[in-house]
Amino acid sequence: MSSVTYDHVVKRYTADITVVKDMYVEIKDKEFMVLVGPSGCGKSTALRMLAGLESITEGEIRIGDRVVNNVAAKDRDIAMVFQSYALYPHMSVFDNMAFPLQMAHMKKPEIDKRVRSASKILGLDNFLSRKPRALSGGQRQRVALGRAIVRSPKVFLLDEPLSNLDAKLRGQTRIELQKLHRELETTFIYVTHDQVEAMTMGDRIAIMNAGILQQVGTPGEVYDHPANLFVAGFIGTPTMNFVPVTTSDSSAKASGFELKLPKAVPAGKGMLGFRPEALTDKPSDVSTLEMKVDVVERLGSDQFLYGQVGGDAVTARVDPRMKVEPGDTAKLGLDVRGLHLFDAQTETAFF
């Protein structure tokens, strides 16, 4: 079993500096889990504690049924791939991949078998004699992955492994990593600040902010049912629209419109959220917004309108065939099925 459990884990450097706060999450055997959040949120520290590179202040980390708090990093049966490739420049690709097996005093025939098996999976068969300087960034990253694969670990840890690649290579490598996960059938834990990587790669996503785990769920769950204002604003591109409203029973009133809510909520101040795609170019009898358009972005398959609704900034994703120019007033329908309402004080979601 290569499940991983963070059981109320805390990482504290001083009495005033706590970077991971009471983290509890169960990562299933063979799951691809992504830890995502802004820089400084504690996600890399959480990964380093699992790897044995950081001590744990409170709580337990388990790999399978084994508590690893006091187990040396080399004895945890994990492999870690870093943001920097950390390849030995004087060694060939073959020797870079074989190095951890040589350090474990494995026999040469077994080393050769494992390296060639990993190179076949990663498409590196024709590069085994090359030095890292003769490789592209994407190929170097694959060598770093190969060095981890040959060890056949229980858990793969990947700390922002794509951040040094250009946009095209990142897209290609995302696909390769998903294929690799399926082939190896082992547990992957992947850290990134890029929510696009998180949404496209993870079986589940664990979203962190300021050291606190905000929500864990599938990409669809966190996109469609964000637990709070932070998750709603962090997941999705362009970001969700947020409009201050006053609620009364089952209605919400903003500065530029009023609408019926799908369920009754307490009267008071709230924050109405809706994604750009919830706005359409077809006005509705139920909920129509008038947007003063400031900017139009035409991206071929998509068209984004940026403007004001009653003084509140709003973004709409509309049909690219819609005729609209900056300065126009566009009448847009709001799909009430795409509404979210958050408490103004606690920032938690009502729905």
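Source: prediction; values computed, not measured.

> Explain the sheet that holds strand S2 (residues 17-27) here, please?
Hydrogen bonds between backbone groups are what pair the strands of a sheet, and the pairing can be parallel or antiparallel. Pairing is antiparallel in the open sheet, where 4 strands are placed in the order S2-S1-S4-S5. Each edge of the sheet is formed by a strand with only one pairing partner; in this case those strands are S2 and strand S5 (66-67). Pairing between strand S1 (residues 4-14) and S2: 7 bridges, direction antiparallel. Looking at S2, one finds that Val 9 is bridged to Met 23. Contacting S1, S2 and strand S4 (58-63), helix H1 (residues 43-51) runs over the sheet at an angle of about 110° to S1.

> Honestly, the side chain of Glu 54 in this entry has me stumped. Any pointers?
Residue placement: Glu 54 occurs in the loop between H1 and S4. Here the side chain of Glu 54 touches Tyr 13 through a polar contact of 3.2 Å, side chain to side chain. If we skip the residues at most four places from it in the chain, Glu 54 touches Lys 11, Tyr 13, Arg 48 and Met 49.

> Explanation requested: unusual backbone geometry in the structure shown.
A negative phi holds for most residues other than glycine; trans holds for most peptide bonds. Cis geometry marks the peptide bond from Thr 237 to Pro 238, where omega comes out at -10°. Structurally, Pro 238 is set in the loop between helix H8 (229-234) and strand S11 (241-248). The residue His 105 is not glycine, and still its phi comes out positive at about 60°. Mapped onto the fold, His 105 is located in the loop between helix H2 (93-103) and helix H3 (108-122).

> How do you make sense of the pairing of strand S19 (residues 329-334) when you look at a structure like this?
Strand residues, when the strand is regular, have side chains that alternate between the two faces of the sheet. In the sheet, strand S15 (residues 279-280) pairs with S19 via 2 bridges, with the strands oriented antiparallel. Each bridged residue has a counterpart across the sheet, and for Leu 279 the counterpart in S19 is Leu 334. Across 5 bridges, strand S16 (residues 288-298) lies against S19 in antiparallel orientation. Residue pairing for S19: Thr 288 is matched across the bridge by Gly 333.

Cut-off values and rules
Throughout, a residue's number is its position along its own chain's written sequence, starting from 1. Whole-chain, interface and lining totals are the exception, using all residues; otherwise, since this is a predicted model, local features are given only for residues with pLDDT of at least 70 and side-chain atom pairs are given and counted only at 80 or more. As a convention, hydrogens and water are excluded, and side-chain values are obtained from all of the structure's heavy atoms. By this definition, two strands are paired if DSSP reports at least two bridges between them. Helix numbering and strand numbering both begin at the N terminus, where a helix is a DSSP run of H or I of at least 4 residues and a strand a DSSP run of E of at least 2. Only heavy atoms enter the contact rule, under which two residues are in contact if any of them lie within 4.5 Å. Axes, fitted as lines to C-alpha atoms, cover a helix only where it is in contact. Angles between the N-to-C directions of the axes lie from 0 to 180 degrees. Polar contacts, as counted here, are pairs of nitrogen or oxygen atoms within 3.5 Å of one another; within protein the pair requires one atom able to donate a hydrogen and one able to accept it, and residues that are adjacent in sequence qualify only if both atoms are side-chain atoms.

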